[in-house]
Amino acid sequence: MAVHAHPDDEATSTGGVLARYAAEGITTVLVTCTDGRCGDGPGGVKPGEPGHDPAAVVAMRQEELEASCAALKVSHLETLGYADSGMMGWPNNELPGAFWTTPVVEAADRLAELIRRYRPDVVVTYDENGFYGHPDHIQAHRITMAAVAMTDIPAKVYWTTIPHTAFAEFGRVMKELGVEWAEPDAGDAPGPQLGLPDDEITTWVDTSSYGTQKFDALAAHASQTENIFFLRMGRDRFVELMGRETFVRVRDTTGAALPEDDLFAGLR
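Here the structure is a predicted model, which is why all the values come from computation and not from measurement. (Residues numbered from 1 in each chain as written. Predicted model: local features only at pLDDT ≥ 70, side-chain atom pairs only at ≥ 80, totals over all residues. Heavy atoms only, no water.)

A. Up close: the overall build of the protein chain. For the protein chain, the helix and strand inventory stands at eight helices and seven strands. Relative to the 2.2 N^0.38 estimate, which gives 18 Å for 268 residues, the radius of gyration of the protein chain is 18 Å and therefore close to what a compact globule would have. Across its three principal directions, the C-alpha atoms of the protein chain cover 55 × 45 × 40 Å. A burial count over the protein chain gives 51% of its 268 residues as buried. Across the protein chain, every contact between residues at least 6 apart in sequence was considered, and the portion connecting residues at least 24 apart equals 76%. Of the roughly 11800 Å² that the protein chain leaves accessible, carbon and sulfur atoms contribute 52%. (Helix = DSSP H or I, 4+ residues; strand = E, 2+ residues; numbered from the N terminus. Rg over C-alpha atoms; globule rule 2.2 N^0.38 Å. Buried < 20%, exposed > 50% of the residue type's maximum accessible area, 1.4 Å probe, protein only. Contact = heavy atoms within 4.5 Å. Areas by Shrake-Rupley, 256 points an atom, 1.4 Å probe, with all protein chains shown as cover.)

B. Here's a closer look at helix α6 (residues 164-176). Counted at 1.5 Å a residue, the expected span for α6 with its 13 residues is 18 Å, and the 19 Å between its end C-alpha atoms agrees. Residues of α6 that are buried make contact with α4 (130-133) and α8 (235-241). G178, located one to two residues past α6, shows a positive phi value of around 80°. (Expected span 1.5 Å × (residues − 1).)

C. Focus on the pairing of strand β5 (residues 156-161). With six of six residues buried, β5 lies mostly within the body of the structure. Where strand β4 (residues 122-125) meets β5, four bridges bridge the pair, whose relative direction is parallel. Counted as the bridge partner of V123 is V157 from β5. (Pairing = 2+ DSSP bridges.)

D. Local environment of a nonpolar patch on the surface. Nonpolar side chains collect at one region of the surface, where M87, W90 and Y132 lie side by side and expose about 270 Å² of accessible area between them. Among the secondary structure elements, M87 is positioned in the loop between β3 (76-82) and α3 (104-118). (Patch = residues over 30% accessible without salt bridge, like charges linked within 9 Å, V, L, I, M, F, W, Y side chains within 5 Å. Salt bridge = Lys/Arg side-chain N within 4 Å of Asp/Glu carboxyl O.)

E. Structural detail: the pattern of salt bridges. In total, this model carries 15 salt bridges according to the counting rule given. In this structure, R20 engages E24 in a salt bridge whose closest nitrogen and oxygen atoms are separated by 3.0 Å. Residue classification places R20 among the buried residues on the basis of a relative accessible area of 14%. Judged by relative accessible area, E24 falls into the partly exposed class, the value being 36%. With its nearest N and O atoms 2.7 Å apart, the salt bridge here joins D216 to R235. Linking D216 in helix α7 (residues 211-220) with R235 in helix α8, this pair joins segments that are 19 residues apart in sequence. On the basis of relative accessibility, which here comes to 30%, the residue D216 falls in the partly exposed class. Residue R235 is classed as partly exposed on the basis of its relative accessible area of 35%.

F. Quick peek at helix α1 (residues 9-23). For α1, which comprises 15 residues, the first-to-last C-alpha distance of 20 Å matches the rise-based estimate of 21 Å (1.5 Å per residue) to within 8%. Of all the bends in α1, the greatest, near 75°, is centred on G15. For α1, the tally of buried residues reaches 12 of 15 residues, placing the bulk of the element in the interior. Residues of α1 that are buried: D9, E10, A11, T14, G15, G16, V17, L18, A19, R20, Y21 and A22. In the stretch just after α1, G25 is the one whose phi turns positive, near 90°. (Bend = angle between axes of the 7 residues up to and from the residue.)

G. The arrangement of the layout of surface pockets in detail. Considering only enclosed or pocket space, the largest pocket measures out at about 1500 Å³ in volume. Lining the largest pocket we find 48 residues, and of these T12, Y132, N227, F229 and F230 sit closest to its centre. Mapped onto the lining of the largest pocket, the elements with two or more residues apiece are α1, α4, β5, α6 and β7 (244-252). Broken down by element, the lining of the largest pocket gets its largest block of residues, five residues, from α6. Its residues assigned to classes, the lining of the largest pocket shows 22 nonpolar, 14 polar and 12 charged. One number sums up the size of the second largest pocket: a volume of about 250 Å³. Along the walls of the second largest pocket sit 18 residues, with M1, T27, T28, V122 and F264 positioned nearest its centre. Listing elements by their share of the lining of the second largest pocket, those giving two or more residues are α1 and β4. (1 Å grid on protein atoms, 1.4 Å probe; cavity = no way out; pocket = protein on both sides within 12 Å on 5 of 7 lines; lining within 4 Å. Points joined across faces, edges and corners; volume = space filled by probe spheres on them. Nonpolar A, V, L, I, M, F, W, Y, C, P; charged D, E, K, R; others polar.)

This is the structure we're talking about:
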């Protein structure tokens, strides 16, 4: 079970593992917490700009999410339907129904119900900073960890991350393509840094055989392509560079040794 904040998040950090494990006959469940209403509208129109219709964006992004799940062969898609909160500090953060303002226990109860229904051996979500500080990603982390504690069902829990060496490689490729890219800098303003040193990553999963599916899943979110910069590499370069997904294991009842190369190590 992968718990993500918005339509398109599922493909970015977990598209490879969702495709790989589906191909291996494992039941895959995607839980998408928000409706994505703060995404771009047709023609790239931004929230708050004339012509941005949140209801139309929600409907469009739901269709894109379903197409992405089809590309990844996801077994079950569950949507919690909370309103997209927008980036940290946006007025949308505080609107009624926004995911960010929803009490953690309320949303965790709903997710716990899904965990009890599907009984996943493995759950994947974001770290406590939501990887890069997005309020909905942080909230997805909070409700996932609360739901795991409520149910005590998953044998293993992982947080998505990226090794610092991969950031450096992405930066090189983006500059080759003429795309502006700001690499994480330990000398930047105080705050959580993106990704982790390579030696802090516990789990390195080879998803190289599923790069085309991952690319297709990202491309299914056509309305958001301006923000999905990985697509600017083109299919061939994307498949070449995006053949591994990395995680930090934060719960394990199997005793599987670390580092590991399989989310299901100790369960097979």
